[in-house]
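Here is how the chains run, residue by residue.
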Amino acid sequence: MKTFGNIYVIAATSVIGGALFGFDISSMSAIISTEPYKCQFNQQGNDPTTGQCQGPDDVVQGGITASMPGGSWLGALISGILSDRLGRKTSIQVGAIIWIIGSILVCASQDIAMLIVGRIVNGLSVGICSAQVPVYISELSPPSKRGRFIGMQQWAITWGIAIMFFICYGSHFIDGQAAFRLPWGLQMIPAILLFFGLTVLPESPRWLAKHDRWEEAQNVLILVHGQGDPRSALVAKEIAEIREVVEFERRNADVSYFELFRPNMINRTHIGVFTQIWSQLTGMNVMMYYISYIFTMAGQGSDLLPSGIQFIINVVMTVPALIWLDRWGRRPTLLVGAFFMCLWLCINAGLFAVYSRRATAADHFDTSAVSMVISGKPATAVIACTYLFVASYAPTWGPVSWTYPAELYPLRVRGKAVALATSANWAFNFALAYFVPPAFANITWQVYVLFAVFCFCMFWHVYFLFPETANKTLEDVAAIFEDSGPGSIKHIGIPAWKTHNDRSIIKLERNLVSSEEKIGVEHSTTEPKV
């Protein structure tokens with residue numbers, strides 16, 4: 001069977017795993033306020049005044065929403081073991097199969113319990129794919145474009161959100177249960193495409209090398225990075241570095257999760273974990289899950305289209321990161337994103353605090369999470385700041401939160417380390433999905449203040465402790481954390497603010513090195529190690 005080595009094809013196919021997460025976000029956020037959904041899962045019974053179905057209460061709806069990220073937390077943790085044993089590609093295919101099973105359960109759900117079980121199964125799939133797709137792409141991408149290709153995972157998520165939202169929007173004109181069962185059934189299609197698409201793509205060369213399949217590893221690098229040229233300087237450099245790393249790791253015992261917490265690894269473990277934690281504490285996914293609540297408070301609850309505009313902004317504003325993320329670097333992108341998200345959250349907090357009133361029974365809202373009412377120009381400003389918040393997240397923390405952890409770790413621990421970092425994402429996703437409805441009900445506009453404080457903290461955390469990784473080979477990134485060089489700090493390595501985005505690797509990728517440089521690279525591949 002023919003194997004495709006075009007990195008764009010590889011990335012575009014594998015990031016369909018990200019679209020699964022996006023499909024889930026919209027399939028819940030666009031449906032929870034619709035009448036067919038409320039009547040099928042009518043835990044609160046009918047409103048005595050209007051006679052309309054009230055659906056699940058705040059706590060139960062939070063549990064339904066949170067069941068997917070709860071399953072994703074477990075899926076992310078086990079993905080490291082699957083990936084190390086079966087391969088990066090095969091573990092993603094396992095995730096695709098699990099998603100199909102979960103979608104069948106969700107589509108056929110008759111009550112809240114069955115819906116939660118189906119979403120947990122879907123979560124297992126999303127956890128596996130969201131952890132291992134970035135690892136797979138990072139181990140196949142050329143260094144100067146790694147951010148772009150891993151960032152495509154976030155773009156796929158935004159496309160999944162937008163596509164499923166408009167499917168749900170069209171379906172809400174259908175009478176009866178088909179209004180939500182049709183979108184939930186269509187979720188299976190991308191997983192089927194992902195499974196069969198991966199069959200014609202190569203396995204990670206670094207995973208192959210780790211399992212002593214050196215000839216296959218070199219052939220993959222020649223195919224993907226060398227454009228078929230066995231004498232490519234970049235391929236020679238990468239093979240030499242991979243061989244050195246694998247031989248070093250061979251002298252050590254097999255890795256376990258405990259190794260990630262040893263003194264020489266704890267710093268990069270904490271950076272990867274907090275990259276994912278902070279991406280959740282921006283409040284972005286909360287905005288996506290419960291956007292209908294926010295727009296209902298602003299007087300737009302009966303119309304799904306304002307929410308759809310937000311999802312389109314998310315898709316469009318991710319594109320600049322795909323083009324320029326590797327030129328910008330990781331650190332500046334994260335810092336700028338944190339600053340502007342903090343700004344828009346503070347403005348929204350002020351608008352709700354000054355211009356809103358508490359919702360009352362006379363407003364006939366079907367959930368106490370819709371706890372405020374704001375109207376007029378302040379309501380328009382809230383919607384505008386919500387759009388600007390999305391526009392600030394989409395090209396910054398959205399793609400970098402997937403790109404950055406996959407770059408931080410040496411080969412020996414990469415699969416499990418990224419799985420651990422991603423599990424932190426899903427643990428906080430679960431907690432926030434469960435926490436936000438009662439939080440809006442109890443502390444109202446102060447929810448915005450809470451997330452603004454998180455954005456302020458993440459800005460300074462990134463500045464002092466997150467090093468630059470753009471345009472470096474994965475082996476070079478690992479060397480940043482070595483504490484034996486001049487100017488390094490014990491257990492930390494080179495101080496984050498002293499690391500820079502060096503784009504000289506592009507010369508190697510394009511075979512623009514001089515003959516002397518090329519001889520030097522080839523010599524380093526044969527020189528005996530002392």
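Each remark here, short or long, concerns the structure printed above.
Remember, predicted model here, so these are calculated numbers, not experimental data. Residue positions are given per chain, counting from 1 as you read along its sequence in written order. Only residues with pLDDT of at least 70 get local features here, since the model is predicted, and only at 80 or more are side-chain atom pairs given and counted; chain-wide, interface and lining totals rely on the full set of residues. Remark: hydrogens and water are excluded; side-chain values derive from all non-hydrogen atoms of the structure.

Peer 1: Please set out the overall build of the protein residue by residue, giving values where relevant.
Peer 2: Runs of H or I in DSSP of at least four residues are treated as helices and runs of E of at least two as strands, each being numbered from the N terminus. A count of helical and extended segments in the protein gives 24 helices and two strands. Using C-alpha atoms as the atom set, the radius of gyration is obtained and then compared with a globule rule of 2.2 Å times the number of residues to the power 0.38. Taken over the C-alpha trace, the protein has a radius of gyration of 24 Å; the compact-globule value for 530 residues is 24 Å, and the two agree within 12%. Taken along the three principal axes of its C-alpha coordinates, the protein extends 85 × 50 × 40 Å. Out of the 530 residues in the protein, the part that is buried amounts to 59%. Across the protein, contacts joining residues at least 24 apart in sequence account for 80% of those joining residues at least 6 apart. When accessible area is computed with a 1.4 Å probe and restricted to protein chains, residues below 20% of their type maximum are described as buried, those above 50% as exposed, and intermediate ones as partly exposed. In this analysis, two residues are considered to be in contact whenever any of their non-hydrogen atoms come within 4.5 Å of each other.

Peer 1: Outline a nonpolar patch on the surface, supporting the account with residue identities and numerical values.
Peer 2: Without a salt bridge and with relative accessible area above 30%, a residue can belong to a patch; like charges are then joined within 9 Å and nonpolar side chains (Val, Leu, Ile, Met, Phe, Trp, Tyr) within 5 Å. Using a 1.4 Å probe, the Shrake-Rupley method yields the accessible areas, and only the shown protein chains count as cover for residues. The term salt bridge refers to a pairing of a side-chain nitrogen on Lys or Arg with a carboxyl oxygen on Asp or Glu at a separation within 4 Å. There is a patch of nonpolar side chains on the surface, built from Phe456, Trp460, Tyr463, Phe464, Ile489 and Trp497 and spanning about 610 Å² of accessible area. Secondary-structure assignment places Trp497 in the loop between α22 (474–480) and α23 (505–509).

Peer 1: Now, about the packing of aromatic side chains: what can you tell me, with residues and values included?
Peer 2: Pairing of aromatic side chains requires ring centres within 6.5 Å, counting the rings of Phe and Tyr and the six-membered ring of Trp. Pairs whose planes differ by under 30 degrees are stacked, by over 60 edge-to-face, and all others tilted. Tallied over the entire structure, the rule returns 28 aromatic pairs. Arranged with centres 6.4 Å apart and planes meeting at 90 degrees, the rings of Tyr37 and Phe180 form a pair that is edge-to-face. Note that Tyr37 is positioned in helix α3 (residues 35–40) and Phe180 in helix α8 (residues 178–186), a separation of 143 residues in sequence. Overall, the relative accessible area of 1% leaves Phe180 in the buried class. Put simply, the rings of Phe459, Trp460, Tyr463, Phe464 and Trp497 pair up and form one aromatic cluster. A ring is considered to have a charge above it if a Lys NZ or an Arg CZ atom is located within 6 Å of its centre and within 35 degrees of its normal. Lying over the aromatic face of Tyr463, Arg331 brings its terminal NZ or CZ to 5.6 Å of the ring centre.

Peer 1: Outline the state of the cysteines, supporting the account with residue identities and numerical values.
Peer 2: Cysteine sulfur atoms are paired as a disulfide whenever they come within 2.5 Å of each other. Within this structure, the stated rule accounts for one disulfide. Between the sulfur of Cys39 and that of Cys53 lies a disulfide, 2.1 Å long from S to S. Judged by the torsion about the S-S bond (100 degrees), the Cys39/Cys53 disulfide is right-handed. Of this pair, Cys39 sits in helix α3 while Cys53 sits in the loop between α3 and α4 (58–86), and the two are 14 residues apart along the sequence. For Cys39, a relative accessible area of 36% translates into the label partly exposed. Looking at Cys168, it has no disulfide partner, and the nearest cysteine sulfur is the one in Cys107, 12 Å off.

Peer 1: Could you give an account of the nonpolar core, with specific residues and numbers?
Peer 2: A general feature of soluble globular proteins is that nonpolar side chains tend to end up buried together. With 139 residues, the main nonpolar core has Tyr37, Trp184, Leu345, Trp397, Phe440 and Tyr448 as its most contacted residues. In terms of residue count, helix α20 (residues 411–443) provides more of this core than any other element does, 12 residues in total. Other than its neighbours up to four places away in sequence, Leu345 contacts Thr282, Met287, Phe389, Tyr448, Phe451, Ala452 and Cys455. Throughout this description, the term nonpolar core refers to a set of buried Ala, Val, Leu, Ile, Met, Phe, Trp, Tyr and Cys residues connected via side-chain atoms within 4.5 Å.

Peer 1: I'd love a proper account of unusual backbone geometry, names of residues and values included.
Peer 2: With the exception of glycine, the majority of residues adopt a negative phi angle, and the majority of peptide bonds are in the trans configuration. A positive phi is found at Thr444, a non-glycine position, where the angle reads about 45 degrees. Of note, the phi angle at Asn471 is positive, near 60 degrees, even though the residue is not glycine. Turning to its location among the elements, Asn471 is positioned in the loop between α21 (446–465) and α22. Given the relative accessible area of 3%, Asn471 is considered buried.

Peer 1: Outline the packing of helix α2 (residues 16–29) against α4, supporting the account with residue identities and numerical values.
Peer 2: An axis is simply a line fitted to the C-alpha atoms; with a helix, the fit covers only the stretch in contact. Between two such axes, the angle follows the N-to-C directions and lies from 0 to 180 degrees. One can describe the packing of α2 onto α4 by two numbers: an axis separation of 10 Å at closest approach and a directional angle of 170 degrees. Here α4 runs roughly antiparallel to α2, going by the angle between their axes. The residues of α4 that touch α2, namely those facing Phe21, Asp24 and Met28, are Gln61, Ile64, Thr65 and Met68. By the convention adopted, Pro, Cys, Tyr, Trp, Phe, Met, Ile, Leu, Val and Ala count as nonpolar, Lys, Arg, Asp and Glu as charged, and the other residues, Gly among them, as polar. Considered class by class, the residues forming the contact of α2 with α4 number four nonpolar, two polar and one charged. Roughly parallel refers to an angle under 35 degrees, roughly antiparallel to one over 145, roughly perpendicular to one between 65 and 115, and oblique to any angle outside these ranges.

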